[in-house]
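Remarks on the overall topology
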Amino acid sequence: MQNISLPISYDKRDAIWDIQSICSQFKEYNTIDTDLYKVYPVARGLRNPDGTGVVAGLTQICNVHGYVIDEGEKSPVEGRLSYRGIDVNNLIKGCIEENRFGYEEAAWLLLVGKLPTKEQLTTMRELMTLYRELPDSFAEDVLMKTPSNQLMIQLSRGVLGLYFYDENPDDLSIENQMRQSLQLIARLPSIMVMAYQIKRRFWDKESMYFHQPLPDQSISQTILRMLRADTQFTEEEARLLDICMILHAEHGGGNNSTFATRVLSSSGTDIYAAISAGIGSLKGPRHGGANKKVREMVEFMKQDIKHWDNDAEVKDYLFQLAGKQAGDRSGLIYGMGHAVYTKSDPRAVILKRSARRLAAAKGFEDEFALLEAVERLAPEVLAEKGKDKVICANVDLYSGLVYKMLGIPDELHTPIFAAARVAGWCAHRMEEIVCGGRLIRPAYKAVLPHQDYQPLKDR
Ligand code: COA
């Protein structure tokens, strides 16, 4: 047997140097010529050549409509979003007109398939109240041992941690999946707020509050009550958060986090593993993490642009963003563009209306106007840079400002998205288990060169 001799002392600096050297080798051996994507019929990013998504399944949960195919050509249209066939605008309008919170109702609709009756809505509220309590010692054992300022990771860890408190975690029966789904919808907001309070205590060196939720409060009311030191909020604030949560509850089977949840669910794994994968995906800046990125981008803009009301200056800055010379240098103008929507994202249209109203009341008109300028000018900038994609403001452009005006800290913006989207993830997981029934397993065309194995002494 041949022994590999190890140096006597090997420390972190040696490791850093070695990793750099491993990476330069990695770069040498790990490039795929982009022309090969034209040679082989590969749907890169699971997209067709015109940018539309490859159809990966059938769903009865949601429809995201952003274009029509006319004589083989993609034509942009105004965006429409429906949950179980009901236009999301009508869902929100109904709750406003009938003067009640709507997120619980939307979650029921997504999970079950029909709007709840009055009695069923009462049942849903009772279930949410019962289930939102976290198991004894959960906060200490799962969240507090290693406090973090990355709340999406805390959320994901919290969901995984719930596996150990579940007496029947792996049973895939509909009854068990429904129970687990309802528990997660009720508990994600509680985990989110607890993780935030722990972060305040351990990272910001401020006080943390674990307020007891009240039984008759909606999810949005519970979030605001548990978040604030004095537990106080206005009815208008809770209603606006409720609308934000309805709008974020679901977005079709193909969005990155829902697809991730469906992929894991198709393997027959448990709900906690599947939902934590969805949270991990949503954290990404090209997906739900974009709302945090919009806030960062706005801060950069406020610093670097002298006159926010001057379109030429804003446009020049957007060119710099798209050219990777400003902001986080990713080349992205956050809050703009969408994989499906072209002319408009209906969620952004609704949030913009709320943002405008609140901005006027709370003195945020300048920041609102800056976002409007981004919405107006970014499509021109990308078109002038030769991108032929029709782009519009997406849900994340205005959501961050709405949350900011509600006094919700930046680090909670993506977690709130997750706390709302869990309803959609659970609905899709159940559909995958009941109706999908096949392991999701696409293929990758191998384009690797042949190598002969060489014994160690000859390398
Ligand atoms: N800023 C800069 N460039 C953008 C852009 C944006 N907001 N949106 C699209 N583009 C560019 C893409 O980089 C791409 O350029 P390339 O052809 O040189 O690679 C081109 O326009 C076509 O877009 P494409 O990548 O096909 O769009 P997509 O459907 O894959 O991407 C998003 C959709 C959402 C990922 C994309 O628009 C984006 O990254 N937006 C910013 C992040 C964001 O707000 N995400 C939240 C989504 S709800």
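Let us look at the structure shown here. Since this is a predicted model, take the numbers as computed values, not measurements.

We now examine empty space enclosed by the protein. Inspection of every chain in the model, using the stated rule, returns 2 cavities of 30 Å³ or more. Taken as a whole, the largest cavity holds about 50 Å³ of empty space. Looking at the largest cavity, the residues that line it are Lys293, Glu296, Met297, Phe300, Leu321, Gly327, Asp328, Leu332 and Tyr334. With 4 residues, the single largest contributor to the lining of the largest cavity is helix H13 (residues 290-304).

This brings us to the site of the ligand. Taken together, the neighbourhood of the ligand is formed by 18 residues, with Ile333, Gly335, Met336, Lys387 and Lys389 sitting nearest. Contacts to the ligand include arginine 286, whose backbone N or O atom sits 3.4 Å from a nitrogen atom. Starting from 840 Å² of accessible surface for the ligand in isolation, the protein chains cover 72%. Per-class residue counts for the shell around the ligand are 7 nonpolar, 6 polar and 5 charged.

This part covers the sheet that holds strand S2 (residues 73-83). Here 3 strands make up an open sheet; going across it, the order is S1-S2-S3 and the pairing antiparallel. The open sheet is flanked by strand S1 (62-70) and strand S3 (86-87), the only strands paired with a single partner. Relative to S2, S1 runs antiparallel, the two being bridged by 8 bridges. Bridged to asparagine 63 within S2 is serine 82.

Here the focus is the layout of surface pockets. Here the second largest pocket is characterised by a volume of approximately 530 Å³. Lining the second largest pocket are 15 residues, with Val42, Ala43, Arg44, Ala443 and Tyr444 positioned closest to its centre.

Below, the discussion takes up the pattern of salt bridges. In total, this model carries 31 salt bridges according to the counting rule given. Here glutamate 98 and arginine 100 are joined by a salt bridge, their closest N and O atoms 2.6 Å apart. Looking at glutamate 98, the relative accessible area reads 52%, which means it is exposed. The partner of glutamate 235 in a salt bridge is arginine 239, and the shortest N-O contact between them spans 2.6 Å.

With that out of the way, let us pick up unusual backbone geometry. Unusually for a residue other than glycine, asparagine 99 sits at a positive phi of about 55°. Inspection of the secondary structure puts asparagine 99 in the loop between helix H3 (88-97) and helix H4 (103-112). Accessibility expressed as a relative area gives 56% for asparagine 99, which makes it exposed.

Once that is clear, we can look at the packing of helix H9 (residues 219-227) against helix H10 (residues 235-248). Helix packing for two helices is described by the angle between their axes and how far apart those axes are. Where H9 contacts H10, the two axes come as close as 8 Å, and the packing angle between them is 120°. Between H9 and H10, the interaxial angle falls into the category oblique. Crossing of H9 over H10 shows right-handed handedness. Residues Ile219, Ser220, Gln221, Ile223 and Leu224 of H9 touch H10, and the partners they reach there are Glu235, Glu237, Ala238, Leu241, Asp242 and Met245. Partitioning the contact of H9 with H10 into residue classes produces 6 nonpolar, 2 polar and 3 charged.

Note that serine 399 resides in helix H17 (residues 395-405). A relative accessible area of 0% places serine 399 in the buried class. Ignoring anything within four residues of it in the chain, the contact list for serine 399 reads His248, Asn291 and Leu351.

The next subject is the environment of proline 41. By the secondary structure assignment, proline 41 is in the loop between helix H2 (36-39) and S1. Given a relative accessible area of 85%, proline 41 falls into the exposed group. Separated by 408 residues in sequence, proline 41 and proline 449 have C-alpha atoms that sit 19 Å apart.

Conventions adopted
- Residues numbered from 1 in each chain as written.
- Predicted model: local features only at pLDDT ≥ 70, side-chain atom pairs only at ≥ 80, totals over all residues.
- Heavy atoms only, no water.
- 1 Å grid on protein atoms, 1.4 Å probe; cavity = no way out; pocket = protein on both sides within 12 Å on 5 of 7 lines; lining within 4 Å.
- Points joined across faces, edges and corners; volume = space filled by probe spheres on them.
- Helix = DSSP H or I, 4+ residues; strand = E, 2+ residues; numbered from the N terminus.
- Near = heavy atom within 4 Å.
- Polar contact = N/O pair within 3.5 Å; in protein donor to acceptor, adjacent residues only side chain to side chain.
- Areas by Shrake-Rupley, 256 points an atom, 1.4 Å probe, with all protein chains shown as cover.
- Nonpolar A, V, L, I, M, F, W, Y, C, P; charged D, E, K, R; others polar.
- Pairing = 2+ DSSP bridges.
- Salt bridge = Lys/Arg side-chain N within 4 Å of Asp/Glu carboxyl O.
- Buried < 20%, exposed > 50% of the residue type's maximum accessible area, 1.4 Å probe, protein only.
- Axes fitted to C-alpha atoms, helices over the stretch in contact; angles between N-to-C directions.
- Parallel < 35°, antiparallel > 145°, perpendicular 65-115°, else oblique.
- Left-handed = near helix turned anticlockwise from the far one by under 90°.
- Contact = heavy atoms within 4.5 Å.

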